[in-house]
Amino acid sequence: MNWSAEEKMRLLFALRQQGLTDKAVLTAMEKVDRGLFVQGVFAGRAYEDTPLPIICGQTISQPSIVGAMTQALEVGPRDKVLEIGTGSGYQAAILSHLARRVYTVDRFRRLVADAQAIFDALGLSNVITFTGDGSFGLPDHAPFDRILVTAAAEDPPGPLLAQLRIGGIMVLPVGQSDAVQNLIKVRRTEQGFEYEELLKVRFVPLLEGLGRE
Ligand code: SAH
């Protein structure tokens, strides 16, 4: 069953109230039922503007933060996008409506399998999932027009900077995992990298190696 008109209105109202203005991003978010990505006891809260626990001890991000990150990424229909941190798959599903192709990586096999099943059910055939340590990016598929990292590192990982196309944009949270982090936007130019701080956020840490599940 799909989300009701009331649930959809509730979520979109919260997004607009948090200052999300980009029409394309709002339209993409309207197409993705967040309820499909939240299981178990928290399912009833899927349409609230709040992060929620998912399996493997991870979290599905707060919708208004997903919106702000997607807006900052300035995704166009020809873009090849890399997402690090598939988690529930919610962010990747939104990106799939905006981009040409989305590559998404998580270190937990179980999360990747569950997200893949949802993408299949929704017919989102332009999302390609990978299990692995996303700090190294996907060298075989680089360069990327856009890179979105949804777990916090202390600094932007070197391999990800290297896999960003000139003219490309990367959005990621940086800072200590147990503290408030900065969401930053990195633009790669002919000359190098330009950094801009966007807002304070709190994400789970970008960890090394594969998860155990
Ligand atoms: N984008 C997700 C939220 C992700 S939570 C969503 O829409 O639901 C952060 C995710 O990053 C977690 O699933 C965690 O397993 C993953 N992660 C952490 N470190 C990672 C790494 N080095 N490589 C790949 N994924 C990583």
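Coordinates for the structure precede this section.
Before going into details, it helps to say that this report is about the structure given with it. (Residues numbered from 1 in each chain as written. Predicted model: local features only at pLDDT ≥ 70, side-chain atom pairs only at ≥ 80, totals over all residues. Heavy atoms only, no water.)

Overview of the pairing of strand E6 (residues 144–149)
The two faces of a sheet get side chains in turn, since along a regular strand they alternate between them. How we decide: Partly exposed residues are those whose accessible area sits between 20% and 50% of the maximum for their type, while under 20% is buried and over 50% is exposed, using a 1.4 Å probe and protein chains only. Strands here mean DSSP runs of E at least two residues long; helices mean DSSP runs of H or I at least four residues long; both are numbered from the N terminus. Whether two strands pair comes down to DSSP finding at least two bridges between them.
For E6, the buried fraction is high: six of the six residues fall into the buried class. Across four bridges, strand E3 (residues 80–84) lies against E6 in parallel orientation. Residue pairing in the sheet places valine 81 in a bridge with arginine 146 of E6. Bridging between E6 and strand E7 (residues 164–174) involves four bridges; their strand directions are parallel. Following the sheet pairing, isoleucine 147 is matched in E7 by methionine 170.

Some points on the pattern of salt bridges
Note the following rule: A carboxyl oxygen of Asp or Glu within 4 Å of a side-chain nitrogen of Lys or Arg is what we treat as a salt bridge.
Taken as a whole and assessed by the stated rule, the structure comprises six salt bridges. Put simply, arginine 45 and glutamate 48 hold a salt bridge, and the shortest N to O gap is 3.1 Å. Residue glutamate 48 is classed as partly exposed on the basis of its relative accessible area of 25%. When the shortest N-O distance is used, the salt bridge between glutamate 213 and arginine 110 registers 2.5 Å. Placement of the pair is glutamate 213 in the segment after strand E9 (193–201) and arginine 110 in helix H5 (residues 109–122), with a sequence separation of 103 residues. Residue glutamate 213 is classed as partly exposed on the basis of its relative accessible area of 38%. One network of salt bridges, with partners in common, ties together Glu74, Lys185 and Arg187.

Regarding the environment of methionine 9
Along the polypeptide, methionine 9 turns up in helix H1 (residues 5–17). As a C-alpha pair, methionine 9 and valine 127 span 118 residues in sequence and 26 Å in three-dimensional space.

Details of H1
For clarity, the threshold we go by: By this rule, a helix spans an expected 1.5 Å times one less than how many residues it contains. Regarding the arc, it is the one traced by the directions from the helix axis to the C-beta atoms. Contact criterion: two residues are considered in contact whenever any of their non-hydrogen atoms come within 4.5 Å of each other.
In this model, H1 (13 residues) spans 18 Å end to end at C-alpha, consistent with the 18 Å of a helix rising 1.5 Å per residue. Among all positions in H1, only Leu11, Leu12, Ala14 and Leu15 are buried. Burial along H1 is one-sided: seen end-on, the buried residues are contained in an arc of 155°. What points out from H1, more than 90 degrees from its buried face, is the exposed set Ala5, Glu6, Met9, Phe13, Arg16 and Gln17. Buried residues belonging to H1 abut helix H2 (23–30), helix H3 (63–73) and helix H4 (90–96). One or two positions beyond H1, positive phi appears at glycine 19, with a value near 95°.

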